[in-house]
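Spelled out, the chains give:
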Amino acid sequence: MSNVSLKTKRDLFLGLGVLVFVLLTWLILTLTLSNGTATSASIYYGSNREAIATIDFVSEQISIHYYQETESNTRYPYVDFSNNTITLLGDYEVDGMRQEVVITYDFEKQSVQIKEEQSPYNVCSKQGEITSGALICLPNSVRVEFKNAEEDFIL
Amino acid sequence: MATIFIKKILLISTVLATAITFSACKTNEDMHSVTFYDYMYTSITISLYGTEQEADIHFQALNDIYETYDALTNNYQGLEEDSEYLENIYTINQQKDTKLEIDKMLYLLLEDAIRLQTLTEGYFNIGIGKPVKAWKNLILNTPNEITVGNHIYIRTYENQPIYQRYEVIFFDETDIQVQGEDTTRTFKKDQLIYDIEVTTEAFNQTQAVIDTMNIEENQIILESEDETYFITIKGSDIELDVGAFSKGYATEKAKDYLIEQGVTYFSISAGSSTISVGQNINRPTQNEVYIISLTDPITSLPFFKEPYGIIHIKNQSLATSGNFEQYTMYQGLRYHHLISPFTLTPTHDYAALTIIGDDAGLLDALSTALFVMPKNMFDAFMETHQASLNIQVIRYNTDNTIDTFITDVYFEDLLS
């Protein structure tokens, strides 16, 4: 009788163990495969509502959504994957020439920073590295907006 | 007995584990997005969950829906020479007092629009394209550059009073000096955002043009005989403009298509003023809702959108109207293109309206109609129709107060 009871207890623990394993597996798979809550930063230029580029920190991808209309031979924005930078052309002019805005991104730290920009007070490059909120380069009409899972649409 | 029970648990656990593993391996389903830039003078972004192949088919079908309604409802240009359609809004406007055969799709859209005109006691009106264009032209006539003597409305990122009206008395490359009621101030040009007021001359010209318009005699006659459909428009100043309805109407068709196809996880954002959503697969722990941040129409800047509220929607549609996207300033008031069909001028009671409900077309039309309705009529309309139309409204008044007509939508007021 006691043997049966012992076996029953052992089986019960085994059963519960498998159940816990199953639940844990389900939890892990749900968290990893349901697209999660993607975190990204979007770069906007001018009054365009569409982001010109997006940095997706989850899939570690950079997406360019459209190119700027410029008279330059360089196509903006362009991505330098070796230096982790995205460069676009701002509206601020020096001697009649629009100036570049260089944005650095760090997939690991999930951060962005305005590395280079020309403007009277360099407000946005002085803000340093951010992991939330926004960097606004007013004279350059460039905005980097950190988008996390807090909202799906802004109206 | 206990052993059998435990064996059952083991068996169920194994089956569950296998099922979960297999379902997790079905990784070819994912979120897919597309943006259409060519329709209805806006961008339309659609996201849906499915396989890539399914997404391709759906996006093509959705493209066709928007393409069709864009062609039929365009009031700025006629149809392509090889178009399969009979008439569009532009060509109808060119042929007043003529009975024209039109496509069934356009007929049904117009029939719905007329129904909404009756429902809103005339506050939704598709025959006022002419005065709407006049106000849009005034908005486009806003000076781009400041000159001495201009009036400007200054908005800054600092905690200063916003929207103060000043007269420009001096400016150079870096500075602007302005004269307020009792103060003179100097700003660094790059540190502030300002709206320039339209000139009195431009404003008066627009008002004079509006004063000559008469829409009281307008008539839109829809007729159908044996599956053939006709329209006749009459009136000296009649000009059809279904822009306040077509985007929502097409979005409703797009939503219907996705639901018919069994797509449950999707979102359609048409120009950010009309949204239709299913369930949100990215929020499994938040009841699969979509979270919408509502821009504060008073404090937001072109580069900085500050929210005044947050709402959650699921299997619903939403439409917004506001005075903060396309407008010009005159004597302290924002002149936008949402005009009262009775005064033919923009109204100033509300800064933003958000309407949540089922039918995106209805919501699109109502967001315009209610925006131009005086408060007492607005409140009476909600009293009478809120339940039957199943709509919920958040109203941001120009006096900075917020009124809500909500039954079950989650709304977080960030200002209170």
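Rules used throughout
- Residues numbered from 1 in each chain as written.
- Chains lettered and ligands numbered in written order.
- Predicted model: local features only at pLDDT ≥ 70, side-chain atom pairs only at ≥ 80, totals over all residues.
- Heavy atoms only, no water.
- Helix = DSSP H or I, 4+ residues; strand = E, 2+ residues; numbered from the N terminus.
- Contact = heavy atoms within 4.5 Å.
- Areas by Shrake-Rupley, 256 points an atom, 1.4 Å probe, with all protein chains shown as cover.
- Pairing = 2+ DSSP bridges.
- Axes fitted to C-alpha atoms, helices over the stretch in contact; angles between N-to-C directions.
- Disulfide = S-S within 2.5 Å.
- Buried < 20%, exposed > 50% of the residue type's maximum accessible area, 1.4 Å probe, protein only.
- Salt bridge = Lys/Arg side-chain N within 4 Å of Asp/Glu carboxyl O.
- Polar contact = N/O pair within 3.5 Å; in protein donor to acceptor, adjacent residues only side chain to side chain.
- Parallel < 35°, antiparallel > 145°, perpendicular 65-115°, else oblique.
- Left-handed = near helix turned anticlockwise from the far one by under 90°.
- Expected span 1.5 Å × (residues − 1).
- Nonpolar A, V, L, I, M, F, W, Y, C, P; charged D, E, K, R; others polar.
- Core = buried A, V, L, I, M, F, W, Y, C linked by side-chain atoms within 4.5 Å.
- Patch = residues over 30% accessible without salt bridge, like charges linked within 9 Å, V, L, I, M, F, W, Y side chains within 5 Å.
- Bend = angle between axes of the 7 residues up to and from the residue.
- pLDDT = per-residue confidence, 0-100.

Draft legend 1. View of the overall build of chain A. Across its full length, chain A carries two helices and 10 strands. A separation threshold of at least 6 residues defines the contact pool for chain A, and within that pool the share at least 24 residues apart is 34%. In the form shown here, chain A has an accessible surface area of approximately 9000 Å², with 53% of it arising from carbon and sulfur atoms.

Draft legend 2. A look at the sheet that holds strand E3 (residues 61-64) of chain A. All names here are of chain A. Strand order in the open sheet made by the five strands is E3-E2-E1-E9-E8, with antiparallel pairing throughout. At either margin of the open sheet sits one strand with a lone partner, and together these are E3 and strand E8 (134-137). Strand-to-strand, the axes of this sheet are offset by a mean angle of 10°, without reference to chain direction. The sheet contact formed by strand E1 (residues 40-45) and strand E9 (residues 142-147) spans six bridges and is antiparallel. Looking across to E9, one finds that Tyr 44 is bridged to Arg 143.

Draft legend 3. Main features of the state of the cysteines. All names here are of chain A. Applying the stated criterion across every chain yields a total of one disulfide over all chains. The disulfide that involves Cys 124 links it to Cys 137, with 2.0 Å between the sulfurs. Judged by the sign of its S-S torsion, about 105°, the bond between Cys 124 and Cys 137 is right-handed. Taken together, the residues span a long stretch of sequence, with Cys 124 in helix H2 (residues 123-126) and Cys 137 in strand E8 at a distance of 13 residues. When sorted by exposure, Cys 124 lands in the same class as Cys 137, which is buried.

Draft legend 4. Spatial organisation of the pattern of salt bridges. All names here are of chain B. This model, assessed by the stated rule, comprises 15 salt bridges over all chains. For Asp 237, the salt bridge goes to Lys 130, with nearest N and O atoms at 2.8 Å. Taken as a pair, Asp 237 in the loop between strand E10 (228-234) and helix H7 (243-260) and Lys 130 in helix H5 (residues 129-140) lie far apart in primary sequence, 107 residues in all. Among the residues examined, Lys 130 registers a relative accessible area of 31% and is labelled partly exposed.

Draft legend 5. Highlighting the sheet that holds strand E4 (residues 78-80) of chain A. Residue and element names in this part refer to chain A. Pairing is antiparallel in the open sheet, where four strands are placed in the order E4-E5-E6-E7. The open sheet terminates on both sides in strands that have one partner only, identified here as E4 and strand E7 (111-116). Going across the sheet, the axis of each strand differs from the next one's by a mean of 35°, ignoring polarity. The sheet contact formed by strand E5 (residues 85-94) and strand E6 (residues 97-106) spans seven bridges and is antiparallel.

Draft legend 6. A look at the side chain of Gln 99 of chain A. Residues and elements named next belong to chain A. Tracing the chain through its elements places Gln 99 in strand E6. Among the polar contacts made by the side chain of Gln 99, one reaches the main-chain carbonyl oxygen of Met 97 at a distance of 2.9 Å. Excluding residues that lie within four positions of it along the chain, Gln 99 makes contacts with Leu 88, Leu 89, Gly 90, Tyr 92, Val 94, Gln 118 and Asn 140.

Draft legend 7. Looking closely at the packing of H7 of chain B against helix H8 (residues 360-371) of chain B. Residue and element names in this part refer to chain B. Relative to each other, H7 and H8 sit at 160°, their axes nearing to 6 Å. As judged from the angle between their axes, H7 and H8 are roughly antiparallel. Helix-helix and strand crossings are classified by hand; for H7 and H8 the assignment is right-handed. On H8, the residues touching Gly 243, Ala 244, Phe 245, Ser 246, Lys 247, Gly 248, Tyr 249, Thr 251 and Glu 252 of H7 are Ala 360, Gly 361, Leu 362, Asp 364, Ala 365 and Thr 368.

Draft legend 8. Summary view of H8 of chain B. All names here are of chain B. Here H8 contains 12 residues, and its C-alpha end-to-end distance of 16 Å stays within 8% of the 16 Å for a straight helix at 1.5 Å per residue. Most of H8 sits out of view: 12 of its 12 residues are buried. Restricting attention to buried positions, one finds in H8 the residues Ala 360, Gly 361, Leu 362, Leu 363, Asp 364, Ala 365, Leu 366, Ser 367, Thr 368, Ala 369, Leu 370 and Phe 371. Residue Asp 359 occupies the N-cap position of H8, its side-chain oxygen lying 2.8 Å from the main-chain nitrogen of Gly 361.

Draft legend 9. Summary view of the packing of helix H2 (residues 52-73) of chain B against H7 of chain B. All names here are of chain B. At their nearest, the axes of H2 and H7 sit 10 Å apart, and the two run at 155° to each other. Taken together, the axes of H2 and H7 are roughly antiparallel relative to one another. Considering the relative orientation of H2 and H7, their crossing is right-handed. Touching Ile 57, His 58, Ala 61, Leu 62, Ile 65, Tyr 66, Tyr 69 and Thr 73 of H2 are Ser 246, Lys 247, Tyr 249, Ala 250, Thr 251, Lys 253, Ala 254, Tyr 257 and Leu 258, all from H7. Partitioning the contact of H2 with H7 into residue classes produces 11 nonpolar, four polar and two charged.

Draft legend 10. Structural context of the nonpolar core. Core analysis: the largest hydrophobic core is formed by 64 residues, its most contacted members being Leu 62, Tyr 66, Leu 110, Leu 370, Phe 378 and Ile 391 of chain B. Ignoring any residue separated from it by four or fewer positions in sequence, one finds Ile 391 of chain B in contact with Ile 355, Ile 356, Leu 362, Leu 363, Leu 366, Phe 381, Met 382, Gln 386 and Phe 405 of chain B. Residues Phe 57, Ile 62, Ile 86 and Val 101 of chain A belong to the second largest nonpolar core, which totals 24 residues.

Draft legend 11. Just a nonpolar patch on the surface, in detail. A surface patch of nonpolar side chains, amounting to about 310 Å² of accessible area, comprises Leu 12, Phe 13 and Leu 16 of chain A. With respect to the helices and strands, Phe 13 of chain A occurs in helix H1 (residues 2-33).

Draft legend 12. Expanded view of helix H9 (residues 375-389) of chain B. Residue and element names in this part refer to chain B. In the structure, H9 departs most strongly from a straight axis at Glu 383, where the bend amounts to approximately 40°. Turning to H9, its buried residues number three or more, namely Phe 378, Phe 381, Met 382, His 385, Gln 386 and Leu 389. Of the surrounding elements, those touching the buried residues of H9 are helix H4 (104-119), strand E18 (350-357), H8, strand E19 (392-397) and strand E20 (402-405). Positive backbone phi, approximately 55°, marks Asn 390, located one or two places after H9.

Draft legend 13. Inspection of the side chain of Asn 125 of chain B at higher detail. Residues and elements named next belong to chain B. Locating Asn 125 in the fold gives a position in the loop between H4 and H5. Under the relative-accessibility criterion, Asn 125 is labelled buried at 17%. When neighbours within four sequence positions are excluded, Asn 125 is seen to be in contact with Gln 117, Ile 215 and Pro 341.

Draft legend 14. Structural detail: the confidence of the model for chain B. All names here are of chain B. Model confidence for chain B is summarised by a mean pLDDT of 89, while 90% of its residues fall at 70 or above. Every residue in residues 18-26 is under pLDDT 50, and counting partners more than four places away or in other chains gives five contacts. The complex prediction reports pTM at 0.73, with the ipTM value standing at 0.81.

Draft legend 15. Region of interest: the confidence of the model for chain A. Residue and element names in this part refer to chain A. Across chain A, the average pLDDT comes to 78, with 78% of residues at 70 or higher. Of all the helices and strands in chain A, H1 carries the lowest mean pLDDT, 62, while E6 carries the highest, 94. When the criterion is pLDDT under 50, residues 29-38 qualifies, and its contacts beyond four places in sequence or with other chains add up to 20 contacts.

Draft legend 16. Just the environment of Tyr 163 of chain B, in detail. All names here are of chain B. Structurally, Tyr 163 can be placed in the loop between strand E4 (151-155) and strand E5 (164-171). On the basis of relative accessible area, Tyr 163 is assigned to the buried category, the value being 19%. Apart from residues lying up to four places away in sequence, Tyr 163 is in contact with Tyr 153, Ile 154, Arg 155, Asp 195, Tyr 327, Met 329 and Arg 334.

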